[in-house]
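Residue-level listing of the chains:
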Amino acid sequence: MTQEEKTKIEERIVDVLKTVYDPEIPVNIYDLGLIYKIDLKDDGIVDIDMTFTAPSCPAADFILEDVRQKVDSLEGVKSANVNLVFEPAWDQSMLSEEAKLELGID
């Protein structure tokens, strides 16, 4: 896989992550800052480290499976491994500017 191909696949991964929402928050998980790492290997396997705004998120299983299925379905992705991590702990500083505007946070 060339660097150009890898970059295009990584961009598609980010685009698809922006379609995943926590049902309780009107902002996608990418702009919420819940995605800590996207590691696309040359063989098409993707490792994603992500977290939640709270460790006891009731929609955790649904969101993790949604991420895995959507990333798995992308052309160029052989398989997606989604790892739930809680270090570093999520906080509002991880929100994108768009998310801050959407949520009314200054």
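Preceding this section is the structure that the text describes.
Note that the structure is predicted; figures quoted are calculated from it, not measured.

Participant: I keep staring at the overall build of the protein and nothing clicks. Help me out?
Facilitator: Along its length, the protein carries three helices and three strands. Helices and strands appear in the protein in the N-to-C order α-β-β-α-β-α. Whereas a compact globule of 106 residues would reach a radius of gyration of roughly 13 Å, the protein reaches 14 Å, a difference of no more than 12%. Along the three orthogonal principal directions, the C-alpha set of the protein runs to about 40 × 25 × 25 Å. Residue burial in the protein is summarised as follows: out of 106 residues, 40% are buried.

Participant: Sorry, what's going on with the nonpolar core here?
Facilitator: Counting residues in hydrophobic clusters, the biggest one holds 29 residues, and the most contacted among them are Ile13, Ile29, Met50, Ile63, Val67 and Val71. Listing elements by their share of this core, those giving two or more residues are helix 1 (3–17), strand 1 (35–40), strand 2 (45–50) and helix 2 (60–72). The element best represented in this core is helix 2, accounting for five residues. Contacts of valine 71, omitting those with residues within four sequence positions, involve Ile13, Val16, Leu17, Val46, Ile48, Val77 and Ala80.

Analysis parameters
Residues numbered from 1 in each chain as written. Predicted model: local features only at pLDDT ≥ 70, side-chain atom pairs only at ≥ 80, totals over all residues. Heavy atoms only, no water. Helix = DSSP H or I, 4+ residues; strand = E, 2+ residues; numbered from the N terminus. Rg over C-alpha atoms; globule rule 2.2 N^0.38 Å. Buried < 20%, exposed > 50% of the residue type's maximum accessible area, 1.4 Å probe, protein only. Core = buried A, V, L, I, M, F, W, Y, C linked by side-chain atoms within 4.5 Å. Contact = heavy atoms within 4.5 Å.

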